[in-house]
Amino acid sequence: MSANTQDLRTRLDQLQESLSVRQSTTHFAHTGVATMVALMFGGAAGKLFYDSLRTPLLAWGVALLAVVLLGYAFRRYVLGRRVLADELQRYQTMLELRSQLRLDDPSALLPQ
């Protein structure tokens, strides 16, 4: 193997290792769970506001909690999109390295 091929192979191994853990998935999972919990709390707060003659303090607390959870979900979504863009760029680089090393070329696997 030439030095250039060895460098490409090392870089490919590093990219594959970094892409083996997808951080964007974790961010999007947090977004989904936080959104669902915020909707449940928002519904509970709405029910407390609707059923009460006087506005209860608990309803305001639950409504505030729902808004905070929605803010958290939005923040994690934006962070997930940013990380996903970086992961997709690294994945594209990995595919280019694989084509340079001819790892996906079936004719390279045939006996000479």
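Cut-off values and rules
Residues numbered from 1 in each chain as written. Predicted model: local features only at pLDDT ≥ 70, side-chain atom pairs only at ≥ 80, totals over all residues. Heavy atoms only, no water. Core = buried A, V, L, I, M, F, W, Y, C linked by side-chain atoms within 4.5 Å. Buried < 20%, exposed > 50% of the residue type's maximum accessible area, 1.4 Å probe, protein only. Helix = DSSP H or I, 4+ residues; strand = E, 2+ residues; numbered from the N terminus. Contact = heavy atoms within 4.5 Å.

Caption draft 1: Broad picture of the nonpolar core. Core analysis: the biggest nonpolar cluster contains seven residues, these being Leu8, Leu12, Leu15, Leu19, Met94, Leu97 and Leu101. Secondary structure elements with two or more residues in this core: helix 1 (3-19) and helix 3 (57-100). Among the elements that line this core, the one with the most residues is helix 1, at four residues. Not counting residues up to four positions away in its chain, the partners in contact with leucine 19 are Glu87, Arg90, Tyr91 and Met94.

Caption draft 2: Fine view of the side chain of serine 24. By the element assignment, serine 24 lies in helix 2 (residues 23-51). Residue class for serine 24 comes out buried when judged on its relative accessible area of 1%. Discounting residues that sit within four places of it in the chain, serine 24 has contacts with Gly80, Val83, Leu84 and Glu87.

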